[in-house]
2 protein chains.
Amino acid sequence: MIVNKKQGKQSNIRAKSQEKILDAAQQEFILQSYKGATVQSIADRAGLPKANILYYFKNKENIYHAVLEQTLNMWDEGIGDIVIEDGPKVAIEKFIAAKVKMSFTYPSASKMHAIEVIQGAPHLKEFARTYLRQWVRTKAKLFQHWIDNGEMNDVDPVSLIILIFSSTQHYADFETQILTILNRAEYEPEDIEHVTKFLTDIILRGCGLKK
Amino acid sequence: MIVNKKQGKQSNIRAKSQEKILDAAQQEFILQSYKGATVQSIADRAGLPKANILYYFKNKENIYHAVLEQTLNMWDEGIGDIVIEDGPKVAIEKFIAAKVKMSFTYPSASKMHAIEVIQGAPHLKEFARTYLRQWVRTKAKLFQHWIDNGEMNDVDPVSLIILIFSSTQHYADFETQILTILNRAEYEPEDIEHVTKFLTDIILRGCGLKK
DNA sequence: TAGAAACTTGACCAGCAGGTCAAGAAAGTG
DNA sequence: CACTTTCTTGACCTGCTGGTCAAGTTTCTA
């Protein structure tokens, strides 16, 4: 874990500094990528001297790992959960709503993840191979169950999950491009609602869950 | 343009070398990002000495621009075109098919573009502001026309276009992750068909274009 | 076939990035 | 209030990177 276990309640100096560093590092890693983000640039953004950064994290690689871990935890917490009792309609609604909300609320987490994956996921292979693959399979089985039960159209469950991933994350990862196309400066709260409604509508109907 | 206009039919040495360099550079820029891709690594991948790379392209920035331009041209050629005579059903089918095919055939082009956009699109702002925005608006108007004509459901045309972009590109950009989830080594030709069919089915039905 | 143009390449250089270090300042503790 | 631990930081070092150069080789062309 990131937080030093040796700390009790005392000395939040460490925690405070680490948080500042990780926030700054995340931005730099997104904007400049791993090699382009220098320890100095992270230091400048965090408002600390370079040597101080290296005091808290032995080296740049460690900073990167910490940022990535933080990102994955956020993904894990934000994804929500769907259970068999939900039924396909509620499950899809919950799933889309959770992912859209996360994309608009923490776009940086999604961007970090995206850059990693596009570049071949050198640090995420293990996460994908174990955790994510299992997650997708478990949820796919749920959908398959509902399909077998005649509760929704016979669509490929894995493709459906991928569709929900892609269409929701896109608003985080491609934020810049979408805003440019729309000729807007930044997202507004209503956008979350609008996108959620649009995607839910299309996908539910696409699955035969809406007349 | 990339190709030196001064060349007639003679001397394809230049063309051959430039192509090798651009291919190598594209891979390096994807795998290592701009700063991480060194002229030496591009040279090694291209099988040429470093000084030779700098002979054909004055500096690293120029290589990057050339790769990006090539990428955008590919996007432009591969996107296909839809016209009012198509009607909504054929238009969506053509659009999805073209983008899926491109994603599976030239994933590198999509990845280059994605990295650029995620990092704030420093080199693509102009392209998006003029060309892409116009493209989306023109196509959105087509869909709006069909909606007003009662030929399809009343969905937001811009969101629809974004949905098609995101769900198709995802197979190129997140190739690594999808293959890992599926526990496969690489895509196979049938995948193009399968994904095209799946997305077309869901989205057509989502738009009320399929019983 | 001779001279010009295009190409090739090893050697070199200046600047910057990651990382170390040691000396000192602050904070915690008994 | 001693003294230990944690924190802070400027100075420094080494290796690598983008880019230059000039001497040579190959290809083109008249």
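Parameters at a glance
- Residues numbered from 1 in each chain as written.
- Chains lettered and ligands numbered in written order.
- Predicted model: local features only at pLDDT ≥ 70, side-chain atom pairs only at ≥ 80, totals over all residues.
- Heavy atoms only, no water.
- Helix = DSSP H or I, 4+ residues; strand = E, 2+ residues; numbered from the N terminus.
- Buried < 20%, exposed > 50% of the residue type's maximum accessible area, 1.4 Å probe, protein only.
- Contact = heavy atoms within 4.5 Å.
- Areas by Shrake-Rupley, 256 points an atom, 1.4 Å probe, with all protein chains shown as cover.
- Lys, Arg positive; Asp, Glu negative; His and termini not counted.
- Charge placed at Lys NZ, Arg CZ, Asp CG, Glu CD.
- Near = heavy atom within 4 Å.
- Polar contact = N/O pair within 3.5 Å; in protein donor to acceptor, adjacent residues only side chain to side chain.
- Nonpolar A, V, L, I, M, F, W, Y, C, P; charged D, E, K, R; others polar.
- Axes fitted to C-alpha atoms, helices over the stretch in contact; angles between N-to-C directions.
- Parallel < 35°, antiparallel > 145°, perpendicular 65-115°, else oblique.
- Left-handed = near helix turned anticlockwise from the far one by under 90°.
- Least-squares fit on C-alpha atoms with pLDDT ≥ 70 in both.
- Expected span 1.5 Å × (residues − 1).

(A) Up close: the overall build of chain A. Helix and strand counts for chain A stand at ten helices and zero strands. Going residue by residue from the N terminus, the α and β elements of chain A occur as α-α-α-α-α-α-α-α-α-α. By its C-alpha atoms, chain A is 60 × 45 × 35 Å across when sized along the principal axes. Counting every position in chain A, which comprises 211 residues, the buried fraction comes to 55%. Sequence-distant contacts, at least 24 apart, represent 69% of the contacts inside chain A between residues at least 6 apart. Total accessible area on chain A is roughly 10,000 Å²; 52% of this is exposed by carbon and sulfur atoms. Positive and negative side-chain charges of chain A, numbering 27 and 26 respectively, have mean locations separated by a distance of 7 Å.

(B) View of the protein's contact with DNA strand D. Neighbouring DNA strand D are 18 residues, the closest being R14 and P49 of chain A together with V39, K50 and K60 of chain B. Each atom of DNA strand D within 4 Å of the protein belongs either to a base or to sugar and phosphate, the latter forming 57%. Between Y56 of chain A and DNA strand D, the recorded distance is 3.1 Å, taken from a side-chain N or O atom to a phosphate oxygen. A37 of chain B places a polar main-chain atom, nitrogen or oxygen, 3.4 Å from a phosphate oxygen of DNA strand D. Of all the secondary-structure elements, those providing two or more residues to the surface near DNA strand D are α1 (13-36) and α3 (50-56) of chain A together with α3 (50-56) of chain B. With four residues, the top contributor of residues to the surface near DNA strand D is α3 of chain A. Across the surface near DNA strand D, the residue classes break down as nine nonpolar, six polar and three charged.

(C) Molecular detail of the packing of α1 of chain A against helix α6 (residues 107-118) of chain A. Residue and element names in this part refer to chain A. Between α1 and α6, the shortest axis-to-axis distance is 10 Å and the interhelical angle comes to 45°. On the basis of the axis angle, α1 is oblique to α6. Note that α1 runs across α6; the crossing there is left-handed. Taken together, the residues of α6 that come into contact with α1 (itself represented by Q26, Q27, F29, I30 and S33) are S108, A109, K111, M112 and I115.

(D) Focus on the relation of the copies chain B and chain A. Once chain B is rotated about the relating axis by 180° and shifted along it by 0.0 Å, it coincides with chain A to within an RMSD of 0.1 Å. One copy is carried onto the other by what is essentially a two-fold rotation axis. Closest approach to the rotation axis within chain B is made by the C-alpha atom of G206 of chain B, at a distance of 2.1 Å. Most of the interface of chain B is mirrored in chain A, where 100% of its interface residues again form contacts.

(E) Structural detail: α6 of chain A. Residue and element names in this part refer to chain A. Compared with an ideal rise of 1.5 Å per residue, which puts twelve residues at 16 Å, α6 spans 16 Å between its outermost C-alpha atoms and is within 8% of the ideal. Buried residues dominate α6, accounting for twelve of its twelve residues. Regarding α6, the residues found buried are P107, S108, A109, S110, K111, M112, H113, A114, I115, E116, V117 and I118.

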